[in-house]
Amino acid sequence: MDAIEVRNVSLIYDTPGGKVPAVHDASFTAAPSEFVCLVGPSGCGKTTLLNMIAGFFAPTQGEIRIGGRAVSGQGLDRGIVFQDFAQLFPWRTALGNVAFGLEMKGVAKAEREAIALEQLRLVKLEKFAGAYPHHLSGGMQQRVAIARALAYNPGVLLMDEPFAALDALTRDEMQRLLAEVWRATRKTVVYVTHNVAEAVYLADRVIVMSPHPGTIKAAVSIALPRPRDPLSVEFLQHQKQLLGYLTR
Amino acid sequence: MKAILSILAAAAVYEVVARGGWFAAALVPTLPAVARTLWAMLADGTMAGHALSTLYRVFAGLALAAALGLVLGFLMARSRAVERFFLPLVSVLMPIPSLAWAPVFILWFGLGDTATVLVVFYAASFPMILNTWTGARAVNPLWLRAAGAMGAGGASMFWKVIVPGALPFIITGLRLAFQRAWIAVVGAEMLAASDFGLGWVIFDAKEFLNADIMLASLAVIGAIGFFVERLGFAPLERYTVLRWGMVRSAKA
């Protein structure tokens, strides 16, 4: 799996009202197979930072490297999961969605469908391989999106609040599933959320950001054994510590 | 079944008016009289001949319009330069009724199929261009982002994301184009067709006060429209955008 290095990255938006700094001098690294959460309130630049790692746009200053190679544009070395359920292609079945990246890579039909089915099994949706997205619940659609992002075997998985639009019970279930998937695939993960409990549950390390302009304020290692108990004293202490950074 | 019911209800209202004695029977013939004329024209093959030449003109014009509309619509959505060049042209040409071109086309190409097909083509082009253009721009940017992240670009992005993503608009464009094609073909046949086509039959029947022939021809046009919708557009929608949940059926 690939390491992610973010070095002194800044992004300045040119707006009619003048230059607005969205991210200011952000640096962090994610070791291979490390699960890193970016946490912060709205406007702290966490999604902007993720989008730059994804290659949707380039930083104004600084550099991002994945597996030692400088990022320029999008690439199959990264899998991406968005918050919006609508990210799936409605005209493709779950299997067709998951196979899309492999199709782009030129993998033969039989092989890519076998791999896609394997990925759907990983997120426990192999029974729904032939279903169109609009027949699946929000949680199931997000699981398809995770399988889709993993199917072409990128070294890195980038996730932008993938469970934020789900109800609390489904979200808990999805977090458990994601922790399992991560353990099975050992991808390097950068996961954006504004939910502190979610970050403590999932992450090896939590990076706290603050807004105006978006800067990295702290990085907290979560050394708790997995699976984690959200009601344990240690879990709640970590949560309290992170909340302290966010409300200060 | 429900379709037949609503058509029967409308027919019943007409029949009451026709038999009410308010109008001359020659001008408002009863439905059995219209049916007899229709049957006679079907039996001797004249109606089929007229319907086929009209259908040929509709579908030839529609096919040309679809080809132009799809190509130009997608190009306009893709390139700012193409959009800037063609949009003013579309804005100027669109409000001109296609029938206003009929005399011009007759002057250039003579009476007959060419002029009629061109009028149909003209009428049907604008909904195809505008709907394809809008559909391509309305494709969810998240699909483009996700596809781009998975290595799609150029041709694969176009065929596998933009075309299916724009399909609800394109199908609606086809429907509108088909409807405008009919309006245009009937009018154009009245002006430009020498002696064939449903529009020409209607126009010609006026000379002899044959209201039954006019109404029989109108019924044929209505029937063709009904079957094209039932056997063409409805299944097209059912197997694509409806099945994919990109549009929904109305609640029962």
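Computed from a predicted structure; not experimentally measured.

**Quick look at unusual backbone geometry**
Alright, step 1. Following His212 of chain A, the chain continues into Pro213 of chain A via a peptide bond in cis, with omega recorded as -10°.
Alright, step 2. The residue Pro213 of chain A is located in the loop between strand S9 (205-210) and strand S10 (215-221) in this model.
Alright, step 3. The omega torsion across Arg226 of chain A and Pro227 of chain A is -5°, close enough to zero to call that bond cis.
Alright, step 4. Even without being a glycine, Lys124 of chain A presents a positive backbone phi close to 60°.
Alright, step 5. Summarising the element assignment, Lys124 of chain A is placed in the loop between helix H3 (109-122) and helix H4 (138-151).
Alright, step 6. Using a count of 14 C-beta atoms within 10 Å as the deciding quantity, one classes Lys124 of chain A as partly exposed.
Alright, step 7. The residue Leu209 of chain B is not glycine, and still its phi comes out positive at about 55°.
Alright, step 8. Relative to the helices and strands, Leu209 of chain B resides in the loop between helix H9 (198-207) and helix H10 (211-239).

**Observations concerning the pairing of strand S3 (residues 35-39) of chain A**
For a regular strand, the rule is simple: side chains alternate between the two faces of the sheet.
All names here are of chain A.
Alright, step 1. Within S3, 5 of the 5 residues are buried, which leaves it mostly tucked inside the rest of the structure.
Alright, step 2. The two faces of S3 match: Phe35, Cys37 and Val39 on one face and Val36 and Leu38 on the other face are all buried.
Alright, step 3. Here 5 bridges tie S3 to strand S8 (residues 188-193), and the two strands are oriented parallel to one another. Residue pairing across strands places Phe35 opposite Val189, the latter belonging to S8.
Alright, step 4. One ladder, built from 4 bridges, connects S3 with S9; its direction is parallel. In the sheet register, Val39 faces S9, and the bridge partner there is Val208.

**A short note on the sheet that holds strand S5 (residues 69-70) of chain A**
All names here are of chain A.
Alright, step 1. Read across the open sheet, the 4 strands follow the order S2-S1-S4-S5; overall the sheet is antiparallel. Across the chains shown, the open sheet's two edge strands, defined by having one partner strand only, are strand S2 (18-30) and S5.
Alright, step 2. Sheet topology note: the strand S4 (residues 61-66)/S5 ladder contains 2 bridges and is antiparallel. Directly across from Ile66, in S5, lies its bridge partner Arg69.
Alright, step 3. Lying over the sheet, helix H1 (residues 46-54) contacts strand S1 (4-15), S2 and S4, oriented at roughly 115° with respect to S1.

**A look at H3 of chain A**
Alright, step 1. In a regular helix each residue adds 1.5 Å, so 14 residues correspond to 20 Å; H3 of chain A covers 20 Å between its end C-alpha atoms and thus fits that length.
Alright, step 2. Contacts from the buried residues of H3 of chain A go to helix H2 (94-105), H4 and helix H5 (168-185) of chain A.

**Examining helix H2 (residues 31-43) of chain B**
Owing to its 3.6 residues per turn, the α-helix aligns residues three or four sequence positions apart on the same side.
Residues and elements named next belong to chain B.
Alright, step 1. For H2, which comprises 13 residues, the first-to-last C-alpha distance of 18 Å matches the rise-based estimate of 18 Å (1.5 Å per residue) to within 8%.
Alright, step 2. Burial in H2 covers these residues: Val34, Thr37, Leu38 and Met41. Buried residues of H2 fall within an arc of 100° about the axis and therefore sit on the same side. Away from the buried face of H2 by more than 90 degrees, exposed residues Pro32, Trp39 and Ala43 are located.
Alright, step 3. As for H2, its buried residues are in contact with helix H3 (46-78) and H10.

**Brief notes about the interface of chain B and chain A**
Reports of interface size often rely on the accessible area that becomes lost once the parts have come together.
Alright, step 1. Across the contact, 16 residues belong to chain B and 20 residues belong to chain A.
Alright, step 2. Those elements giving two or more residues to the side of chain B that touches chain A turn out to be helix H7 (141-149) and helix H8 (154-192) of chain B.
Alright, step 3. Examining the composition of the side of chain B that touches chain A, we find that 6 residues originate from one element, H7 of chain B, more than from any other.
Alright, step 4. For the side of chain B that touches chain A, the residue count by class is 9 nonpolar, 5 polar and 2 charged.

**Focus: the environment of Thr132 of chain B**
Residue and element names in this part refer to chain B.
Alright, step 1. With respect to the helices and strands, the residue Thr132 is situated in helix H6 (residues 113-137).
Alright, step 2. Among the residues examined, Thr132 registers 27 C-beta atoms within 10 Å and is labelled buried.
Alright, step 3. Along the chain, Thr132 and Arg248 lie 116 residues apart, while their C-alpha atoms are 20 Å from each other.
Alright, step 4. Apart from the residues lying within four places of it in its own chain, the contact partners of Thr132 are Gly69, Leu70, Gly73, Phe74, Ala166, Phe169, Ile170 and Gly173.

**So, the pairing of S9 of chain A**
Alright, step 1. In terms of strand pairing, S9 of chain A meets S10 of chain A through 6 bridges, oriented antiparallel. Paired with Ile207 of chain A across the two strands is Ala219 of chain A, which belongs to S10 of chain A.

**Considering the sheet that holds S9 of chain A**
All names here are of chain A.
Alright, step 1. As summarised here, the arrangement of the 6 strands in space is S6-S7-S8-S3-S9-S10, forming an open sheet in which the pairing is mixed. Both edges of this open sheet fall to strand S6 (78-81) and S10, since each of them pairs with a single strand only. Each adjacent strand pair in this sheet contributes to an overall mean axis angle of 20°, direction not counted.

**What about the confidence of the model for chain B?**
Alright, step 1. Per-residue confidence for chain B gives a mean pLDDT of 91, with 98% of residues at or over 70.
Alright, step 2. This complex was scored by the predictor with a pTM of 0.87 and an ipTM of 0.90.

**Some thoughts on the packing of H3 of chain B against helix H4 (residues 80-93) of chain B**
All names here are of chain B.
Alright, step 1. It is at 6 Å that the axes of H3 and H4 come closest, and there the two elements cross at 125°. Between H3 and H4, the angle is such that the two are oblique. For the pair H3 and H4, the sense of crossing is left-handed. Across the interface between the two elements, Leu72, Leu75 and Met76 from H3 touch Val82, Glu83, Phe86 and Leu87 from H4.
Alright, step 2. Residues that form the contact of H3 with H4 fall into these classes: 6 nonpolar, no polar and 1 charged.

Reading the values: the criteria
- Residues numbered from 1 in each chain as written.
- Chains lettered and ligands numbered in written order.
- Predicted model: local features only at pLDDT ≥ 70, side-chain atom pairs only at ≥ 80, totals over all residues.
- Helix = DSSP H or I, 4+ residues; strand = E, 2+ residues; numbered from the N terminus.
- Buried ≥ 20, exposed ≤ 12 C-beta atoms within 10 Å, placed from the backbone.
- Pairing = 2+ DSSP bridges.
- Contact = placed C-beta atoms within 7 Å.
- Axes fitted to C-alpha atoms, helices over the stretch in contact; angles between N-to-C directions.
- Expected span 1.5 Å × (residues − 1).
- Arc of directions from axis to C-beta.
- Nonpolar A, V, L, I, M, F, W, Y, C, P; charged D, E, K, R; others polar.
- pLDDT = per-residue confidence, 0-100.
- Parallel < 35°, antiparallel > 145°, perpendicular 65-115°, else oblique.
- Left-handed = near helix turned anticlockwise from the far one by under 90°.

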